[in-house]
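Understanding the architecture of this molecule
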2 protein chains.
Amino acid sequence: MSIRDDDLGDTVTLAHGNGGRLMRLLITRLFKPHLGNPALDTESDAASISLPPGDVMVTTDGFTVQPLQFPGGDIGALAIDGVINDLAVSGAMPVYVTLAAFIEEGLEMAVLETIVKSLGAAAREAGVQVVAGDTKVVPRGHGGGLYLALTAIGVRAPGCELGVGRIQAGDKILVSGTVGDHGIAVMLAREAFGLRGDIASDAAIVLPLTKALLEVPGLRFMRDPTRGGLATVAHEIAQACRLGVILEEAVIPISPATASVCDILGYDALYLASEGRVVAVLAPAAAPAALAAWQALEAGQNAAIIGTVGVGRGVQLCTPIGGARYLPELEADALPRIC
Amino acid sequence: MSIRDDDLGDTVTLAHGNGGRLMRLLITRLFKPHLGNPALDTESDAASISLPPGDVMVTTDGFTVQPLQFPGGDIGALAIDGVINDLAVSGAMPVYVTLAAFIEEGLEMAVLETIVKSLGAAAREAGVQVVAGDTKVVPRGHGGGLYLALTAIGVRAPGCELGVGRIQAGDKILVSGTVGDHGIAVMLAREAFGLRGDIASDAAIVLPLTKALLEVPGLRFMRDPTRGGLATVAHEIAQACRLGVILEEAVIPISPATASVCDILGYDALYLASEGRVVAVLAPAAAPAALAAWQALEAGQNAAIIGTVGVGRGVQLCTPIGGARYLPELEADALPRIC
């Protein structure tokens, strides 16, 4: 085989997705080296997996973030973080993920490789194996460089029942850290505003945070505040429980840098995505223990008890000067394509 | 709630993917009614699933077919067929699927609903439940109307060991029906050639075909000849086994209509996708029983024993007049985006 036959080329072409020779090369030379593990058999249509005891949980998530690379991460790591976190906040331990990639013709091969490498590293950090994959190439002008769809499979301890339906009036709402940093980091990376900052995405695997809370009796519900941010999670709680949610503006952690950018550009951090935070609802008596458990972790240094589930409807924000206003449900998209 | 508040609108907008009110409406009013089942809880981050006994198998597949609707199917039904068939040819029974949708801004809501309905109907036909989903909306000009990524989870009887590695020299190769009809049907639907035909896609769930063969001792391997067609499956066999594959041109089933279009436009049906066919490799003594099992099914009326795995390398096509030529591995893409 000559050197030419092995060459993947500098950019992705339609032929890298046609099922033929170049697609085989793309899979064996670019995807497999970074994602390879004993369970990933790129020659089979389906993979055999072996799950530990427990209730099997599954989730799926699509990723279209622009730009593909941003301070604090890229679409590869973000995709693993995002799909793993959906299992984590359900109380599950992730074990396997599958990966479907939609690559736009013309994407630089070096960028694709960096992203796949980053995805592989995040998977290893999360302790999950990429067990099945698929790649499609779409024509130039029909994609955003790269879209990813991941599915995660894991197990949850029998009897671990978390859900928005378990929330009761009087329950406390906690957040594990500052909100909105991911949204601002991605927005600044677009360089469309003439602003440069050192705000890095908070994208991270939240398993340490969720595992810590699973040991706290009185845990009702966890969710990661991604699209639509903290305000959207609050609305989901209010709607599902048919109760009101009261948030205390003064104690919601927002980093000074994110707050500054929001002030300048008129964004509300409460609606911006985080990709490494957890919102949790606990029985009132359990909230202090949960806060202590989070604050004992590096990822939970800025954790806070930020609100209460109560009577009424909708989401209210209590201001430091004693006022209150309703936070509307997200309507127009402040920052599209942040995940 | 006023009528306006309930209105999804005529076309998909970015706000239908932002995590807020319109996304909630899209999910509850368009996706859930067609895909709903007891296991689909659109308010949770992850779904709890319950698998029957057996070895757990998983596969994932992305779909970018253009146009989204074509004679014999659409991207919704095709996506279920495609992902289910990957499990089926692995010898597994599918149980659950997950769905990630990348919707392009501007897609007509009525088209999206027709496709989701078609997907739901195909899932019910396959006996699988859509158990988790995610929707993203990408800006106009950054998608192809709709891309789908599905993951299927199923179980395989313990001891059912199929794989390309089990193939031996002397084994027989069967195909369950005519090849290339899907590729031609999609190509004609593009209306780019001034040709109109009554060729419908062969897209279908192949579970009846695979189940029939699982009962035949001597079954080594099955695959559905999608991207790259029959010739690409033959190359996969040849490469994985380090053996030669000899196909008999005269007995490979090709429908007269597909053959005509191929003649006119210069396509080779052996490289065109089928989405409802199975290629199987069996021990020589088992081939007649497998052929009989397939021909007893409606989907297997045109099944044939089309070749042999033998010594040598590469894929050879024996012609009716006694000659033979090597079929090259697919290089340029004859018909991109047929799945």
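Residues numbered from 1 in each chain as written. Chains lettered and ligands numbered in written order. Predicted model: local features only at pLDDT ≥ 70, side-chain atom pairs only at ≥ 80, totals over all residues. Heavy atoms only, no water.

This paragraph deals with the overall build of chain A. Scanning chain A from terminus to terminus reveals 9 helices and 14 strands. Rg of the C-alpha trace for chain A: 21 Å, near the compact-globule value of 20 Å for 339 residues, within the 12% margin. Its C-alpha atoms put chain A at 75 × 50 × 30 Å along the principal axes. In chain A, which comprises 339 residues, the proportion classed as buried is 60%. Long-range pairs, those at least 24 residues apart, make up 84% of the contacts in chain A between residues at least 6 apart in sequence. On chain A, roughly 12,500 Å² of surface is accessible, and the fraction owed to carbon and sulfur atoms is 53%. For chain A, the separation between the mean place of its 23 positive charges and that of its 36 negative charges on side chains is 3 Å. (Helix = DSSP H or I, 4+ residues; strand = E, 2+ residues; numbered from the N terminus. Rg over C-alpha atoms; globule rule 2.2 N^0.38 Å. Buried < 20%, exposed > 50% of the residue type's maximum accessible area, 1.4 Å probe, protein only. Contact = heavy atoms within 4.5 Å. Areas by Shrake-Rupley, 256 points an atom, 1.4 Å probe, with all protein chains shown as cover. Lys, Arg positive; Asp, Glu negative; His and termini not counted. Charge placed at Lys NZ, Arg CZ, Asp CG, Glu CD.)

All names here are of chain A. Their axes nearest at 6 Å, the elements helix α3 (residues 75-88) and helix α4 (residues 109-126) cross at an angle of 30°. By the angle between their axes, α3 is roughly parallel relative to α4. In the packing of α3 onto α4, the handedness of the crossing is right-handed. Contacts between α3 and α4 involve I75, G76, A77, I80, D81 and I84 from the former and I115, S118, L119, A122, A123 and A126 from the latter. (Axes fitted to C-alpha atoms, helices over the stretch in contact; angles between N-to-C directions. Parallel < 35°, antiparallel > 145°, perpendicular 65-115°, else oblique. Left-handed = near helix turned anticlockwise from the far one by under 90°.)

Time to look at the sheet that holds strand β5 (residues 92-104) of chain A. Taken in spatial order, the 5 strands make up an open sheet running β6(A)-β5(A)-β7(A)-β2(A)-β1(B), and their pairing is mixed. What marks the edges here is a single partner per strand, and that holds for β6 (129-138) of chain A together with β1 (47-49) of chain B. Each strand axis lies, on average, 20° off the axis of its neighbour in the sheet, ignoring direction. Where β5(A) lies against strand β7 (residues 146-156) of chain A, 11 bridges are found, and the strand directions are antiparallel. Pairing of A92(A) across the sheet is with R156(A), part of β7(A). On the sheet, α3(A) packs against β2 (55-63), β5 and β7 of chain A and is oriented at approximately 145° with respect to β2(A). Of the strands in this sheet, β5, β6 and β7 of chain A are in contact with α4(A), which crosses β7(A) at around 10°. (Pairing = 2+ DSSP bridges.)

Another point: the domain arrangement of chain A. All names here are of chain A. Domain boundaries assigned for chain A yield domain 1 (5-156) and domain 2 (164-326). Inter-centroid distance (C-alpha atoms) of domain 1 to domain 2 is 29 Å. On the side of domain 2, 22 residues touch domain 1, which itself brings 21 residues to the contact. When the two sides are added together, the surface that domain 1 and domain 2 hide from each other amounts to roughly 1,600 Å², 65% of it contributed by carbon and sulfur. The largest per-residue losses of area from domain 1 upon contact with domain 2 belong to P71, N85 and V89, which jointly make up 31% of the total buried on that side. Across the domain 1-domain 2 interface, the total number found is 0 salt bridges. Mapped onto the side of domain 1 that touches domain 2, the elements with two or more residues apiece are α3, β5 and α4. Among the elements that take part in the side of domain 1 that touches domain 2, α3 stands out by supplying 7 residues, more than any other. Classifying every residue of the side of domain 1 that touches domain 2 by side-chain character gives 13 nonpolar, 5 polar and 3 charged. (Domains from an automatic or database assignment. Buried area = accessible area lost by both parts, 1.4 Å probe. Salt bridge = Lys/Arg side-chain N within 4 Å of Asp/Glu carboxyl O. Nonpolar A, V, L, I, M, F, W, Y, C, P; charged D, E, K, R; others polar.)

It is worth spelling out the sheet that holds strand β11 (residues 279-282) of chain A at this point. Residue and element names in this part refer to chain A. Taken together, 7 strands build an open sheet; the order of strands is β9-β11-β8-β12-β10-β13-β14 and the sheet is mixed. At either margin of the open sheet sits one strand with a lone partner, and together these are β9 (219-223) and β14 (324-326). Direction aside, neighbouring strands of the sheet carry axes that sit 25° apart on average. Bridge count for strand β13 (residues 315-318) against β14 is 3 bridges, and the pairing is antiparallel. Bridging from a neighbouring strand, L317 pairs with R325 of β14. Across the sheet, helix α7 (residues 229-241) touches β9, β10 (244-248), β11, β12 (304-310) and β13, and the angle it forms with β10 is around 150°. The sheet contacts of helix α9 (residues 287-295) involve β8 (172-175), β11 and β12, and relative to β8 the element is tilted by about 5°.

Another point: the pattern of salt bridges. For the structure shown, the criterion picks out 16 salt bridges over all chains. R223(A) is paired through a salt bridge with D45(B); the nearest N and O atoms lie 2.9 Å apart. Of this pair, R223(A) sits in strand β9 while D45(B) sits in the loop between α2 (21-35) and β1, on two different chains. Residue class for R223(A) comes out buried when judged on its relative accessible area of 9%. What makes D45(B) buried here is its relative accessible area of 17%. Between D171(B) and R220(B) there is a salt bridge whose closest N-O contact spans 2.9 Å. In this pair, D171(B) is assigned in the loop between β7 (146-156) and β8 (172-175) and R220(B) in strand β9 (residues 219-223), connecting sequence segments 49 residues apart.

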